[in-house]
Amino acid sequence: MALELLSKRIVGAASGMYKKALSSELNKMGLRYEDILNNELPAVKEALELADPDIVKGRMRRLKLASDLTYKGKVLQDYAPDLKLDPFKFELYEDIEKIKARDEEIQLLNLHKM
């Protein structure tokens, strides 16, 4: 019990530090966490196909901007210093989780065929 509580505290502290560091790096390029997800994963690919076109367009624009900034060796704050970013704004995550749950359910329902 005490070991479990200690491990939760350690993991919680480490995850907080990781989130802060990741947030800083994403803000440098103007990206969101969802933008760096591999779009070749089946659930992500399907979620992008089903997403609102404005969400997909925004994601592509952020990725192109990050690519351009990387090529130029600049960061977003050089061009827009007062811009407030939210790197952990999730627009696709709920859909991705639903697709994963659906696929897992289908897989469980088809276990009898093995």
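In what follows, the accompanying structure is described.

Cut-off values and rules
Residues numbered from 1 in each chain as written. Predicted model: local features only at pLDDT ≥ 70, side-chain atom pairs only at ≥ 80, totals over all residues. Heavy atoms only, no water. Axes fitted to C-alpha atoms, helices over the stretch in contact; angles between N-to-C directions. Helix = DSSP H or I, 4+ residues; strand = E, 2+ residues; numbered from the N terminus. Parallel < 35°, antiparallel > 145°, perpendicular 65-115°, else oblique. Left-handed = near helix turned anticlockwise from the far one by under 90°. Contact = heavy atoms within 4.5 Å. Nonpolar A, V, L, I, M, F, W, Y, C, P; charged D, E, K, R; others polar. Buried < 20%, exposed > 50% of the residue type's maximum accessible area, 1.4 Å probe, protein only. Lys, Arg positive; Asp, Glu negative; His and termini not counted. Salt bridge = Lys/Arg side-chain N within 4 Å of Asp/Glu carboxyl O. Phe/Tyr/Trp six-rings, centres within 6.5 Å; stacked < 30°, edge-to-face > 60°. Lys NZ or Arg CZ within 6 Å of the ring centre and 35° of its normal.

### Here's the deal with the packing of helix 2 (residues 42-50) against helix 5 (residues 93-109)
- At a minimum axis separation of 9 Å, helix 2 and helix 5 run at an interaxial angle of 125°. Considering the angle they form, helix 2 stands oblique to helix 5. Crossing of helix 2 over helix 5 shows right-handed handedness. Contact residues: helix 2 offers Ala43, Val44, Glu46 and Ala47, while helix 5 offers Asp95, Ile96, Ile99, Lys100 and Arg102.
- When grouped by side-chain class, the residues that make up the contact of helix 2 with helix 5 number 5 nonpolar, no polar and 4 charged.

### Some points on the side chain of Arg59
- Note that Arg59 resides in helix 3 (residues 53-72).
- Buried charge without a salt bridge: Arg59, with Asp35 as the nearest opposite-charge side chain at an N-O distance of 4.1 Å.
- In contact with Arg59, not counting residues within four places along its chain, are Glu34, Asp35, Leu37, Asn39 and Leu48.

### Section: the packing of aromatic side chains
- All chains considered together, the criterion is met by 3 aromatic pairs.
- Following the ring pairs from residue to residue traces out a cluster consisting of Tyr33, Phe88, Phe90 and Tyr93.
- Directly above the ring of Phe88 sits Lys19, whose terminal nitrogen or CZ lies 4.9 Å from the centroid.

### Side note on the environment of Gly58
- Of note, Gly58 is situated in helix 3.
- Separated by 23 residues in sequence, Gly58 and Asp35 place their C-alpha atoms 9.5 Å apart.

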